[in-house]
Amino acid sequence: MSIVVEKVSKQFGKVQTLRDVSLTLEEGKIYGLLGRNGAGKSTLLNILTERIFPDGGRVTVDGEPIHNNDSALSKMYLMSEQDCYPESMKVREAFRWTKEFYPTFDQDFAWNLAGAFELPLGSKVNKLSTGYSSIFKLIVALSVNVPYVLLDEPVLGLDANHRDLFYKTLLARYVEHPATVVISTHLIEEVSSLIEDLVIIHKGEVLRRGSREEFLSQGYTVSGPRGLVEEYLKGKEVLGADVLGGLESAYVLGKADRRTLPQGLELSGLDLQKMFVLMTGK
């Protein structure tokens, strides 16, 4: 049970958005799909659900090609910025119609979640504010109960309280109804504790993939007086550094040996967002 992407490429005009992307999204994991603006994240998610077609390569779901395959496509749900509902449709009507297309849609759960988020059920879908539009789409995504749920910038426009409620609800739902969840987001630190595996896309290619723990264990931070830090860094692979006055914090790839650490320096781990910024920066 998995989504398998094999050598997928996509070009828009003269821009190569994706280039020979290959990866596997395994059953029952929460993935973080990370990348800078224009890296190709949304394009990849749209190709997975056949909203757009690749120029080359293929995608299979549980061993079945997705092309013109309703059985395979029905196993996935993509929440994205695009709104496909009729202009006159209200929220409560959208819930009812979603049940027609996704028989596993849990209407009771959706209604209860709408109450928790204070979503106005009588409002037209296309008249919702940016935040409540995201809330509506999240409720649908969390209620469809399909094996693969793809979330493209899911917390766009949500305030801190609603983002916290979403993360808690997602985890509770994941425990109750295990699924493969892919979260594409720029709020890396907020989702860091949720995700198990990472896929980093940079300039249309897969830069790094693997478990979050493996990713963070590949480096560390050393801090202290600048002169001591610079001396310590000799011969080491340095991702980058921040300097403030006479103090420096450097980010190093490799394993730290505390036994040989000079007095006056401190070691700590790398956070996910800092490592992402360092790896994808200029």
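Up top is the structure these notes are about.
Everything numeric here is computed off the predicted structure, so don't read it as measured data. Chains are numbered independently. Their residues run from 1 in the order of the written sequence. Side-chain atom pairs in this predicted model are given and counted only at pLDDT of 80 or more, local residue features only at pLDDT of at least 70, and totals for whole chains, interfaces and linings cover all residues. Computation of side-chain values covers all heavy atoms of the structure but excludes hydrogens and water.

A.B. asks: Which residues make up the overall build of the protein, and what values do they have?
C.D. replies: Helix and strand content of the protein: 10 helices and 14 strands. Projected onto the principal axes, the alpha-carbon positions of the protein cover approximately 65 × 45 × 35 Å. Note on classification: 1.4 Å probe, protein chains only; a residue is buried when its accessible area is under 20% of the maximum for its type, exposed when over 50%, partly exposed between these limits. Within the protein, the fraction of its 282 residues that count as buried is 46%. As displayed, the protein has an accessible area near 14,300 Å², and 50% of this comes from carbon and sulfur atoms. Asp and Glu count as negative and Lys and Arg as positive, but His and the ends of the chain are not part of the count. A charged residue contributes its charge at one atom only: NZ of Lys, CZ of Arg, CG of Asp or CD of Glu. Each charge class in the protein can be summarised by its mean position, and for the 32 positive and 37 negative side chains these summaries are 4 Å apart. A run of H or I in DSSP becomes a helix once it reaches four residues, and a run of E becomes a strand once it reaches two; helices and strands are each numbered from the N terminus. Surface exposure here means Shrake-Rupley accessible area, sampled with a 1.4 Å probe, where a residue is shielded only by the protein chains that are shown.

A.B. asks: Report on the pairing of strand 1 (residues 2-12), specifying residues and quantitative values.
C.D. replies: What makes two strands pair is DSSP finding at least two bridges between them. Where strand 1 lies against strand 2 (residues 15-26), 8 bridges are found, and the strand directions are antiparallel. Within strand 2, the residue paired with Val-4 across the bridge is Thr-24. Hairpin connection between strand 1 and strand 2: a loop of 2 residues separates the two successive antiparallel strands, and Gly-13 in this loop has a positive phi of roughly 65 degrees. Across 5 bridges, strand 1 lies against strand 4 (residues 56-61) in antiparallel orientation. Residue Ile-3 lies in a different strand from strand 4, and its bridge partner there is Val-61.

A.B. asks: Please set out the sheet that holds strand 1 residue by residue, giving values where relevant.
C.D. replies: On the basis of which strands lie adjacent, the open sheet formed by 4 strands has the order 2-1-4-5 and antiparallel pairing. Looking at strand neighbours, the two that pair on one side only are strand 2 and strand 5 (64-65), the edges of this open sheet.

A.B. asks: Any details on the packing of helix 4 (residues 107-117) against helix 6 (residues 160-176)? Residues and values, ideally.
C.D. replies: Between helix 4 and helix 6, the shortest axis-to-axis distance is 11 Å and the interhelical angle comes to 155 degrees. The angle between helix 4 and helix 6 places the two elements in the roughly antiparallel class. Helix 4 and helix 6 meet at a crossing whose hand is right-handed. Contacts between helix 4 and helix 6 involve Phe-109, Leu-113, Ala-116 and Phe-117 on the former and, on the latter, His-162, Leu-165, Phe-166, Thr-169 and Arg-173. For the contact of helix 4 with helix 6, the residue count by class is 6 nonpolar, 2 polar and 1 charged. Lines fitted to C-alpha atoms define the axes, with helix axes restricted to the stretch in contact, and inter-axis angles between N-to-C directions lie between 0 and 180 degrees. An angle below 35 degrees is read as roughly parallel, one above 145 as roughly antiparallel, one from 65 to 115 as roughly perpendicular, and any other as oblique. Note on convention: near helix rotated counterclockwise from far helix by under a right angle means a left-handed crossing. Clockwise means right-handed. In what follows, residue pairs with any heavy atoms lying within 4.5 Å of each other are defined as contacts. Gly falls in the polar group here, along with every residue not listed as nonpolar (Ala, Val, Leu, Ile, Met, Phe, Trp, Tyr, Cys, Pro) or charged (Asp, Glu, Lys, Arg).

A.B. asks: With reference to specific residues and values, describe unusual backbone geometry.
C.D. replies: Although it is not a glycine, Lys-7 adopts a positive phi angle of roughly 50 degrees. Classification of Lys-7 as exposed rests on a relative accessible area of 55%. At Asn-145, a position not held by glycine, the phi torsion is positive, near 55 degrees. Along the chain, Asn-145 turns up in the loop between helix 5 (130-143) and strand 7 (148-152).

Keep in mind these values describe shape, not function.
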